[in-house]
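Each chain, letter by letter, is given below.
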Amino acid sequence: MRVQMRVDGEAAVAEIDRPGESLLATLRDRLGRYGTKNACEQGECGSCTVLLDGDPVCACLVATAQCEGREVKTVVGAVPRPVRDAFIACGAVQCGFCTPGLLVSVADLLARDGDPNDVQIREALAGNLCRCTGYEKIIDAVHAAAEAMSDGTPAPSRRHWITTPVVPSAASDATEAAP
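Computed from a predicted structure; not experimentally measured.

Draft legend 1. View of the overall build of the chain. Tallying secondary structure elements over the chain gives eight helices and five strands in all. In the chain, the succession of helices and strands from N to C terminus is β-β-α-β-β-β-α-α-α-α-α-α-α. Counting over 179 residues, the chain shows a buried share of 39%. Considering only intrachain contacts with a sequence separation of at least 6, the fraction spanning at least 24 residues in the chain is 57%.

So this is what it looks like as structure tokens:
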């Protein structure tokens, strides 16, 4: 089955062998779009959140066949620079696995409400699980992104340690090297 859609503003064609193949599988396995993460495959974690015709959805729950002629935006095409910068500046990125889904959800929230309060932020992110943070840095990042997007300035660095370069010692290089 041939499915034509737009992904991050570009025409994309996917050949799928079964109508129930998930959009997540198609994005990653057939189209090479690895920014959308595969975690639970049950719609519970939000790591695979994308925008489908402007609405946030879990790509693991959407059949690719339903995307014929539709617009899909992943973390690459949906997230404005101030949102990404704010996540980095505020230390909201830990292991990074949930980050693409969080970024897409935040971009969607800020497109609907340029100055959300904490309750609105928590509600918008309720479908995104992060095992590494207590969400406070993520909420800080949303506020910083909203501020940056409202006046056009870059997201501020809220934590000094993020802007201070770290030069690893030779001993730490040896212990941190991946096999």
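Draft legend 2. How the structure looks around the nonpolar core. Ranked by size, the top nonpolar core spans 27 residues in total, and within it Val79, Val83, Phe87, Val106, Leu110 and Ile138 carry the most contacts. Listing elements by their share of this core, those giving two or more residues are α2 (75-78), α3 (81-89), α4 (99-112) and α6 (136-151). Those residues in contact with valine 83 that lie beyond four places of it in its chain are Leu103, Val106, Leu110, Ala145 and Met149.

Draft legend 3. Representation of α3 in the model. For α3, the set of buried residues is Val83, Ala86, Phe87 and Ala89. All buried residues of α3 project into a common sector of 170 degrees when viewed along the axis, lining one side. Exposed positions of α3 whose direction lies more than 90 degrees from the buried face are Arg81 and Ile88. Glycine 91 occupies a position one or two residues after α3 and carries a positive phi of about 70 degrees.

Draft legend 4. Molecular detail of the pattern of salt bridges. With the rule as written, the count across this model stands at ten salt bridges. One salt bridge in this structure joins arginine 122 and glutamate 136, with 2.8 Å as the shortest N-O distance. Residue arginine 122 is found in helix α5 (residues 118-124), and its partner glutamate 136 is found in helix α6; the two are separated by 14 residues along the sequence. Overall, glutamate 136 belongs to the partly exposed group, its relative accessible area being 44%. Sharing partners across several salt bridges, the network here consists of Asp8, Glu10 and Arg33.

Draft legend 5. Inspection of the packing of α4 against α6 at higher detail. Look at α4 against α6: their axes get within 11 Å of each other, and the N-to-C directions meet at 45 degrees. By the criterion of interaxial angle, the relationship of α4 to α6 is oblique. When you trace α4 past α6, the crossing you get is right-handed. Together, Leu102, Val106, Leu109 and Leu110 of α4 and Ile138, Val142, Ala145, Ala146 and Met149 of α6 make up the contact between the two elements. Among the residues forming the contact of α4 with α6, the class breakdown is nine nonpolar, no polar and no charged.

Draft legend 6. Representation of the state of the cysteines. This structure, assessed with the given rule, holds zero disulfides. Considering cysteine sulfurs only, cysteine 48 is the nearest to cysteine 58, which forms no disulfide, with 4.7 Å between them. Overall, cysteine 58 belongs to the buried group, its relative accessible area being 16%.

Draft legend 7. Local environment of unusual backbone geometry. We note that aspartate 8 has phi near 55 degrees; this positive angle belongs to a residue other than glycine. When you line up the elements, aspartate 8 lands in the loop between β1 (2-7) and β2 (10-15). Judged by its relative accessible area of 16%, aspartate 8 is buried. The backbone of tyrosine 135 shows a phi angle near 75 degrees, a positive value even though the residue is not glycine. Checked against the element boundaries, tyrosine 135 lands in the loop between α5 and α6.

Quick notes on the rules
Residues numbered from 1 in each chain as written. Predicted model: local features only at pLDDT ≥ 70, side-chain atom pairs only at ≥ 80, totals over all residues. Heavy atoms only, no water. Helix = DSSP H or I, 4+ residues; strand = E, 2+ residues; numbered from the N terminus. Buried < 20%, exposed > 50% of the residue type's maximum accessible area, 1.4 Å probe, protein only. Contact = heavy atoms within 4.5 Å. Core = buried A, V, L, I, M, F, W, Y, C linked by side-chain atoms within 4.5 Å. Arc of directions from axis to C-beta. Salt bridge = Lys/Arg side-chain N within 4 Å of Asp/Glu carboxyl O. Axes fitted to C-alpha atoms, helices over the stretch in contact; angles between N-to-C directions. Parallel < 35°, antiparallel > 145°, perpendicular 65-115°, else oblique. Left-handed = near helix turned anticlockwise from the far one by under 90°. Nonpolar A, V, L, I, M, F, W, Y, C, P; charged D, E, K, R; others polar. Disulfide = S-S within 2.5 Å.

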